[in-house]
Structures are given as structure tokens and as C-alpha cells.
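Chains, contacts and geometry: an overview
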Amino acid sequence: MANDASAVSDARSHQSLADPFTPPADSSLWHQNFLLGAATASYQIEGAVAEDGRLPSIWDTFSATPGKVLAGDTGAVACDHYHRWQEDVDMLAGLGLEAYRLSIAWPRVMGASGVPNRKGIDFYKRLLARLKEKGIATSVTLYHWDLPQHLEDRGGWLNRDTAYRFADYADLMSRELAGSVDAWATLNEPWCSAYLGYGNGHHAPGLADGRFATQAMHHLLLAHGLAVPVLRANDPASQKGIVANMGRGTANSDSAADQRAAHLFEVQHNAWILDPLLKGAYPRDLFELWPGTEPLVLDGDMQTIAAPLDFLGVNYYFRTNLASDGAHGFKEVPPEGVERTQMGWEVYPDGLRDLLIGFRNTYANLPPIYITENGMASDDKVTDGQVDDTQRIAFLKRHLAAVDQAIKAGVDVRGYFLWSLMDNFEWAFGYERRFGVVHVDYATQKRTIKRSAELVSKFLRERKARV
Ligand code: IFM
């Protein structure tokens, strides 16, 4: 334990470092083992969609369909990361980021008959080797929404067979990449794949039916459960987990009806995924909210889905304020006069803290948590070679403070990934919404480090200097 005098001088040295981002002296973020990194996803940054044997994905098809993506944008070129990956890894290393979360494009590494595509696999081998060389920890997501189109043509996530195909894909990748991945996440945000992809059609493949959403979710979770033991067998030293987007629902009043509305919202966003994973059962309330949508579940599925996890990845962005709809559901009541981002999402850091503490209280077997995505979009412009993203700096500082509060309340949070390393293809919003801590000029592919990234980097340097 430090004596009083050194504690005082320690605190002073932190004060002298004060800037709009640097966490206070007593923040858990100063602990060297709290991992701080950045995240991206294959379709959002890679481009090169027809190169080296990559097959089409559902997002190639969806984004090529008029009216589906803002301004008709597609991921065909994106950030051209497939060709600029060395420069991008150098940039990560230059910023001193300690970990990088990336995803693998399934259609890049596996042919329709299941045969490996060597050129695609080699791309990820080179990328991971370079990250290792630079001392950057690697977190690899197997599925961040780019389902091979040939699987969608056979029913996609509505077809149980896709779950088994996913396990084959996990087998291939974990054999090929064993030893170069620190953490494997099976899926990114199954809620978005199931609900936005099959429930309301806002995302690929663009189907809209409530029953489809619950069946797609079941097959996604089954795919996850089938993959976990495969990953364990092939790459025992790595961590295995899943990444889920979690929504905070608050009640518009103290009335029992509004409280119930907020509860149902969180059932629909969080318990729909976490209960099967951590309790081995779907929440009953879900099917009261959506009567008649129970998926077909075969014997043993729920045990498969509840395979023990080494970590849970939590993605958090905003809260939703809710009231009863007067029947059995909820309606959104957007608060007025609150700060919002370019997406129109409310800035609400307490939601992250409250969710984390709530999960700790609800799930006895909650694994260690990584915040695998958090960040915001702003309409950033380069002026005199600089991007002053003031709103993002405050956003990050406040959300990291919320994580610190959760840790101090006893939640085991081990790290935090900025979403995103660089501006990229924001799905149905195309390139207009900029989430990066690095600006990308899509005409020239020039990367410009934003002020937020400079400050994160400064903090990491200072933290390292304390060892
Ligand atoms: O860009 C997405 C990411 O792919 C998944 N999580 C939310 C981000 C911002 O919308």
C-alpha cells in the first residue's frame, strides 16, 4: 500500500495531467490490466468485396438494393482496409492502443461447399501476426453480420442448418488461427441480426416478420453454442465469449404500467439473449409481449446454448425512455432537451453503469465483462489537418467514468473498446455517420487522427510510464 505522502504526490501528478479526457486519479482505468482498445468489423472497413475469391455476403446484396442504404452507399470499397491493413495496424500501434477487436468475413475464408479459401485466410493470418508483432492483443469476432449470400439463399438464419455451417466455419478458423487470437467472440449483436435482419427488415437480409426474428435468434444462439466447444478444443489458451448490444430502458413515470414497459423493453433487448446464454431458457415475458412467436427448440438446444463463457462482450450506446402503450407492450417517449449524437441517440452514460450492475445482480454466473463497443457518431470535419471532436471526448470520458463506477460497485469489467477505430460503413446509414476516433476521407482514403484519439493515446502513454 502506498503511504499517505506518496498517495498525495500521485494524485497531484494526475492533476497536472488533467485534460478533457484523462480519468481522475482514483479511476480503475489507471490499473495497467484494464485493457483499452478499439474495434472494427470486416464489412464496415475492408472493401475488396470481389477480390481473392471472396463470395458475396447478404450485405453486398442488401446495400445494392435501391432504397436500403442512405445515399446508395455500399461496402465495396469502405476504408480499403484489405489493402491498407499494414498502415492501419501501424496507426493502432502508434496510438498505443493495447487491443484490437476485428471480425472475419465468413464469405472471404470459406467457399460455398465449405472448402477453405486460402487467400482469404492468409489475409487474416498476416493481419494477426502483425498485431502480435506490435504487442497488440487480438479479439476476433467470427460473425459481424456478413453472412455468405449462398447460405441466405437456403434460408439464412431461418434454416437450422446455418448453425451447423457456422460451427464448421468456427472449426476452420480456430484451426487456422490458433495461437494468434487472445479472445474469440462467436457473434456480434445477435439482437441486430435477428430483429433488424428478420424482424423489421432494416438490416440485411431485409425480412420483416416477428416469428422470423425469434426463430433466427434461436439459430444464431444455437450457432454460438455449437461453436464454443469447437473453439475450446482447437484453441484452448484463448478466451471464448459472445458480444451483445444491450439496451437501457427507463420508465417515464413511477406508475406500475410504465415500470412494466421499461422492464419489457429490457426483456426484449437484453434478456432475450442473456437468459438463454446464462440461464438456459428464454424469458417467458418475451412471448407475452410477442404472443405466438415461440421458436422451434429441439431437445438439448438450450443446454448447447448455455455453454459456459469466459467473457461477455457488452456493446452500449444509449437509453430508451418508455411508457406503457395502454395494452401489453411499450411505447417510446423520447425525453426533450437532452444531448444527442449525430445518430439522434441520447447521451446517457448512467445507462451503462446501471445495466452492468443489473446484470451482476441478475445472473449468478455472469462471466467477466468487456465493453466491446462504445462510442458516438458526429459530423466530423478536417480543418487545417485536425479534427476537434469535442463532443466525443466528453462522451468517452463520461462513459468510462460509468464503467469505473460499475467496477467500484463490484462488477468484473476487464476492458473497453472504442467504437470505432476509424470512420466506416455505418450499415443502413452508409458513410454519413462518423463513429471513428480516426477520420477517413473516403475520396483519398487519408486517415486523420482525431483529437479524441490523441487524448486516449496520451492517457495510455502516461499510464504506461507509471509502471
Ligand atoms: O457500427 C455498429 C457496429 O457494427 C455494431 N454496433 C453498433 C455500431 C454503431 O451503430
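Residues numbered from 1 in each chain as written. Predicted model: local features only at pLDDT ≥ 70, side-chain atom pairs only at ≥ 80, totals over all residues. Heavy atoms only, no water.

Regarding the nonpolar core
The condition that has to hold: For our purposes a nonpolar core is just a set of buried Ala, Val, Leu, Ile, Met, Phe, Trp, Tyr and Cys residues, chained together by side-chain atoms within 4.5 Å. Relative accessibility thresholds used throughout: buried, under 20% of the residue-type maximum; exposed, over 50%; partly exposed, between the two (1.4 Å probe, protein chains only). A helix here means a DSSP run of H or I that spans at least four residues, while a strand means a run of E at least two residues long, and both kinds are numbered starting from the N terminus. Here, two residues are considered to be in contact whenever any of their heavy atoms come within 4.5 Å of each other.
W59, I104, W157, F166, M173 and W272 are the most contacted members of the largest nonpolar core, which totals 126 residues. Sort the elements by how many residues they give to this core and helix α10 (residues 210–234) lands first, with 9 residues. Other than its neighbours up to four places away in sequence, F166 contacts W106, L142, Y143, W157, T186, L187, A223, H224 and A227. In terms of nonpolar packing, the next biggest core, distinct from the first, is built from 14 residues, Y317, M343, Y370 and F417 among them.

Focus: helix α9 (residues 190–199)
Of all 10 residues making up α9, 9 are buried, and the element is well covered by its neighbours. For α9, the full list of buried residues reads P190, W191, C192, S193, A194, L196, G197, Y198 and G199. Looking at the packing, one finds that the buried side of α9 touches β3 (137–143), α7 (149–152), β4 (183–188), α10, β5 (239–245) and α11 (256–279). Directly after α9, the chain includes G201, whose backbone phi takes a positive value near 75 degrees.

Considerations on the pairing of strand β13 (residues 446–449)
Here is the key point about a regular strand: its side chains alternate between the two faces of the sheet. To be explicit about the condition: At least two bridges found by DSSP between two strands are what make those strands a pair.
As paired elements, strand β12 (residues 438–441) and β13 share 4 bridges and run antiparallel to each other. Residue pairing across strands places H439 opposite T448, the latter belonging to β13. Counted along the chain from β12 to the antiparallel partner β13, the turn is 4 residues long, and its residue Q445 has a positive phi close to 65 degrees.

Topic: the sheet that holds β5
Here is the rule we go by: Under this scheme, a helix contributes an axis fitted over its contacting stretch, all axes are lines through C-alpha atoms, and angles between N-to-C directions fall in the 0 to 180 degree range.
With respect to topology, 8 strands assemble into a closed barrel ordered β1-β2-β3-β4-β5-β7-β10-β11, the strand pairing being parallel. The average angle at which neighbouring strand axes cross in this sheet is 25 degrees, direction not considered. Across 4 bridges, β4 lies against β5 in parallel orientation. The partner of W184 across the bridge, within β5, is K240. Set on the sheet, helix α6 (residues 118–133) makes contact with β2 (99–103) and β3; between it and β2 the angle comes to about 170 degrees.

A few points about the site of the ligand
Stated formally: The near set for a molecule or strand comprises every residue that places at least one heavy atom within 4 Å of it. Any N or O atom pair separated by 3.5 Å or less is treated as a polar contact, with the protein-specific requirement of one donor-capable and one acceptor-capable atom, and with residues adjacent in sequence counted only for side-chain atom pairs. Note on areas: Shrake-Rupley with a 1.4 Å probe; residue coverage comes only from the protein chains shown. Any residue that is not Ala, Val, Leu, Ile, Met, Phe, Trp, Tyr, Cys, Pro, Asp, Glu, Lys or Arg is counted as polar, Gly included; the first ten are nonpolar and the last four charged.
Neighbouring the ligand are the residues Q44, H144, W145, N188, E189, Y317, W345, E373, W419, E426, W427 and F435. In this structure, an oxygen atom belonging to the ligand sits 3.2 Å away from a side-chain N or O atom of W419. When the ligand is considered free in solution it has 280 Å² of accessible area, and contact with the protein chains removes 95% of it. A class-by-class count of the residues in the shell around the ligand yields 6 nonpolar, 3 polar and 3 charged.

As for the pattern of salt bridges
This is how it is decided: When a carboxyl oxygen of Asp or Glu lies within 4 Å of a side-chain nitrogen of Lys or Arg, that pair is called a salt bridge.
If you walk through the whole model with that rule in mind, you get 35 salt bridges. In this structure, D310 engages R232 in a salt bridge whose closest nitrogen and oxygen atoms are separated by 3.0 Å. Taken together, the residues D310 in the loop between α13 (301–305) and β7 (311–315) and R232 in helix α10 connect sequence positions 78 residues apart. Residue R232 is classed as partly exposed on the basis of its relative accessible area, which comes to 30%. Three or more residues are tied together by salt bridges with common partners; here these are D380, D389, R392, D423, R434 and K450.

With respect to the side chain of D258
How we decide: His is not counted, nor are the chain ends; Lys and Arg add positive charge and Asp and Glu add negative charge.
As for its placement among the helices and strands, D258 is situated in helix α11. Buried charge D258 goes without a salt bridge, the closest partner of opposite sign being K331 at 7.4 Å. Dropping the residues within four chain positions of it, D258 is found in contact with A251, N252, S253, L322, A323 and S324.

Remarks on the environment of R392
Among the structural elements, R392 can be located in helix α15 (residues 390–408). The sequence separation of R392 and S324 amounts to 68 residues, and the corresponding C-alpha distance is 33 Å. In this structure R392 touches M376, A377, S378, D380, R434, F435, G436, V437, K450 and S452, once residues within four positions along its chain are discounted.

Observations concerning the sheet that holds strand β8 (residues 319–324)
In spatial order, the strands read β6-β8-β9; together these 3 strands make up an open sheet with mixed pairing. Each having just a single partner strand, β6 (248–251) and β9 (330–332) make up the two edges of the open sheet. Taking the axes of each pair of neighbouring strands and ignoring which way they run, one obtains an average angle of 45 degrees across the sheet. Contacts from α11 reach β6, β8 and β9 within the one sheet, and its direction differs from that of β8 by about 130 degrees.

Remarks on the packing of α9 against α11
Spelled out, the test is: By the definition adopted for this analysis, an angle is roughly parallel if under 35 degrees, roughly antiparallel if over 145, roughly perpendicular if from 65 to 115, and oblique otherwise. Crossings are classed by handedness, with left-handed meaning an anticlockwise turn of the near helix from the far one by less than a right angle and right-handed meaning a clockwise turn.
Their axes nearest at 10 Å, the elements α9 and α11 cross at an angle of 125 degrees. Here α11 runs oblique to α9, going by the angle between their axes. Classified by chirality, the crossing of α11 by α9 is right-handed. On the side of α9, the interface is formed by P190, W191, A194 and Y195, while α11 contributes Q268, H269, W272 and I273. Residue classes in the contact of α9 with α11 are distributed as 6 nonpolar, 2 polar and no charged.

Some words on helix α8 (residues 161–177)
Basically, it comes down to this: Helix span is expected to be 1.5 Å times the residue number reduced by one.
Compared with an ideal rise of 1.5 Å per residue, which puts 17 residues at 24 Å, α8 spans 24 Å between its outermost C-alpha atoms and is within 8% of the ideal. All of the buried residues in α8 are T162, A163, F166, A167, Y169, A170, L172, M173, S174 and L177. Buried residues along α8 sit in contact with α5 (106–109), α6, β3, α7, β4 and α10. With its phi angle positive at about 95 degrees, G179 sits one or two positions after the end of α8.

Some words on the packing of aromatic side chains
The condition is simple: For Phe, Tyr and Trp, rings pair up if their centres lie within 6.5 Å, where Trp contributes its six-membered ring, and each pair is then called stacked (planes under 30 degrees apart), edge-to-face (over 60) or tilted (otherwise). Criterion for a charge above a ring: Lys NZ or Arg CZ within 6 Å of the ring centre, and within 35 degrees of the ring normal.
Enumeration according to the criterion identifies 31 aromatic pairs in this entry. Taken together, a centroid distance of 5.8 Å and an interplanar angle of 70 degrees make the contact between F166 and Y169 edge-to-face. A residue pair is termed a helical-turn pair when its members lie 3 or 4 positions apart in one helix, as F166 and Y169 do in helix α8 at 3 residues. Grouping residues by exposure puts F166 and Y169 together as buried. Members of the aromatic cluster, each reached through a chain of ring pairs, are Y43, W59, F62, W145, F425, W427, Y431 and Y442. If you follow R108 out to its NZ or CZ, it ends over the ring of Y82, 4.2 Å from the centre. Here R319 stacks its cationic end above the ring of Y348, 4.2 Å away from the centre of that ring.

Treat this as a map of the structure, not an account of what it does.
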